[in-house]
Amino acid sequence: MRKLFLLFLLLSLVACANSRQVNIYPQIKKIAVLPFEPICPGQKEDEITCAFSGIISQPGTPSEESARILTKLLYQELSGRPHIYLVPEEQAATLWAEVLSKYTNASAYKLIAEIGKLLHADAVLYGKVFRFREREGTAFSVVRPASVAFALILVKVPEGKVIWRGWFDETQQPLSQNILKIKLYGKVRWLTAEELAARGLKEVLKKFPYLNPPKK
């Protein structure tokens, strides 16, 4: 009887712990998603970069085009969701110019939160591209494989507080070296950088707590 009581107590504690974990994220009704931005050559590390620099294994200098590719992939993944507003690139540029002119010494998080205010959003999803290296070779033989690294953060409005972050950092490996990567790579072939980025985004967004609309 005592063993049954202890088992019941243990299960109750686990259930309570799980119920607390469900509520670790604040309620968000509207999310604005900004286009990805690359880390520019010679750019000083801002707060957002510093938050991820310790986990990116091979820093790089991705181009504006790589940021556009990742933006396209991200917007495809998040399209059709009524609680998510995908900010067009032109509008994002205008908003960045507006907040930068008003808050010259503000942190990056503050600037993102101010953009969120202008869009009447409860949070803003923002991404940085750290590395976007195309494969050298073909789908069946490479000199150098594709390599991609990016990070996403969700900034709460109006506080400018990061409430979620996700990242992807992958250089494709031969499956003979790591068969566990078959789920990520999908096929026994060498991926392009865009294909690797697309698969990485899907993996990251599986852990995004606001993928579905809030319950009414």
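In this text the structure is predicted, and so the values were computed from the model without any measurement. (Residues numbered from 1 in each chain as written. Predicted model: local features only at pLDDT ≥ 70, side-chain atom pairs only at ≥ 80, totals over all residues. Heavy atoms only, no water.)

(A) Spatial organisation of helix α7 (residues 193–205). Compared with the 18 Å implied by 1.5 Å per residue over 13 residues, the 18 Å span of α7 between its first and last C-alpha is a close match. When α7 is considered as a whole, its buried residues turn out to be A193, L196, A197, G200, L201, V204 and L205. Along the axis of α7, the buried residues cluster in a sector spanning 160°; they form a single face. (Helix = DSSP H or I, 4+ residues; strand = E, 2+ residues; numbered from the N terminus. Expected span 1.5 Å × (residues − 1). Buried < 20%, exposed > 50% of the residue type's maximum accessible area, 1.4 Å probe, protein only. Arc of directions from axis to C-beta.)

(B) Looking closely at the packing of helix α4 (residues 89–102) against helix α5 (residues 108–118). Contact geometry for α4 and α5: axes closest at 10 Å, N-to-C directions at 120°. Between α4 and α5 lies a crossing whose hand is right-handed. Of the residues in α5, those touching α4 at L95, W96, E98, V99 and L100 are L111, I112, E114, I115 and L118. Of the residues assigned to the contact of α4 with α5, the class counts are eight nonpolar, no polar and two charged. (Axes fitted to C-alpha atoms, helices over the stretch in contact; angles between N-to-C directions. Left-handed = near helix turned anticlockwise from the far one by under 90°. Contact = heavy atoms within 4.5 Å. Nonpolar A, V, L, I, M, F, W, Y, C, P; charged D, E, K, R; others polar.)

(C) How the structure looks around the confidence of the model for the protein. For the protein, mean pLDDT is 78; residues scoring 70 or higher make up 69% of the total. The low-confidence segment residues 2–22 (pLDDT under 50) makes zero contacts with residues lying over four places distant or belonging to another chain. Note on residues 43–55: pLDDT is under 50 here. Beyond four places in sequence and across chains, it has 28 contacts. (pLDDT = per-residue confidence, 0-100.)

(D) Spatial organisation of the packing of aromatic side chains. Applying the stated criterion to the full structure yields six aromatic pairs. Centroid distance F208 to Y210: 6.1 Å. Interplanar angle 70°. Geometry classified as edge-to-face. Classification of F208 by relative accessible area gives buried; the value is 4%. For Y210, a relative accessible area of 8% gives the class buried. Ring pairing ties together the aromatic residues Y25, W164, F208 and Y210, which thus form one cluster. Over the face of the ring belonging to Y85 we find K30, whose NZ or CZ atom lies 5.7 Å from the ring centre. (Phe/Tyr/Trp six-rings, centres within 6.5 Å; stacked < 30°, edge-to-face > 60°. Lys NZ or Arg CZ within 6 Å of the ring centre and 35° of its normal.)

(E) Quick peek at the nonpolar core. One finds I31, L74, L125, L152 and L154 to be the most contacted residues of the largest nonpolar core, which totals 53 residues. Those elements giving two or more residues to this core turn out to be β1 (31–33), α3 (64–78), α4, α5, β4 (123–133), β7 (147–156), β8 (161–171) and α7. Ranked by residues supplied to this core, first place goes to α3 with seven residues. (Core = buried A, V, L, I, M, F, W, Y, C linked by side-chain atoms within 4.5 Å.)

(F) Just the side chain of H83, in detail. Tracing the backbone through its elements, the reader meets H83 in the loop between α3 and β3 (84–86). A polar contact of 2.8 Å, which involves the side chain of H83, links it to the backbone oxygen of Y210. Non-local contacts of H83, meaning those with residues more than four positions away in its chain, are made with K29, K30, I31, Y210, L211, N212, P213 and P214. (Polar contact = N/O pair within 3.5 Å; in protein donor to acceptor, adjacent residues only side chain to side chain.)

(G) How the structure looks around the pairing of β7. Within β7, 10 of the 10 residues are buried, which leaves it mostly tucked inside the rest of the structure. In β7, alternate side chains face the same way, and those of S147, A149, A151, I153 and V155 on one face and V148, F150, L152, L154 and K156 on the other are all buried. Examined bridge by bridge, β4 and β7 share 10 bridges and lie antiparallel to one another. In the strand pairing of β7, L125 is matched with L154. Pairing analysis gives 10 bridges linking β7 to β8, with the strands arranged antiparallel. By the bridge assignment for β8, K156 is matched with K161. In sequence, β7 turns back onto β8 through a hairpin of four residues, with G160 there showing a positive phi of about 75°. (Pairing = 2+ DSSP bridges.)

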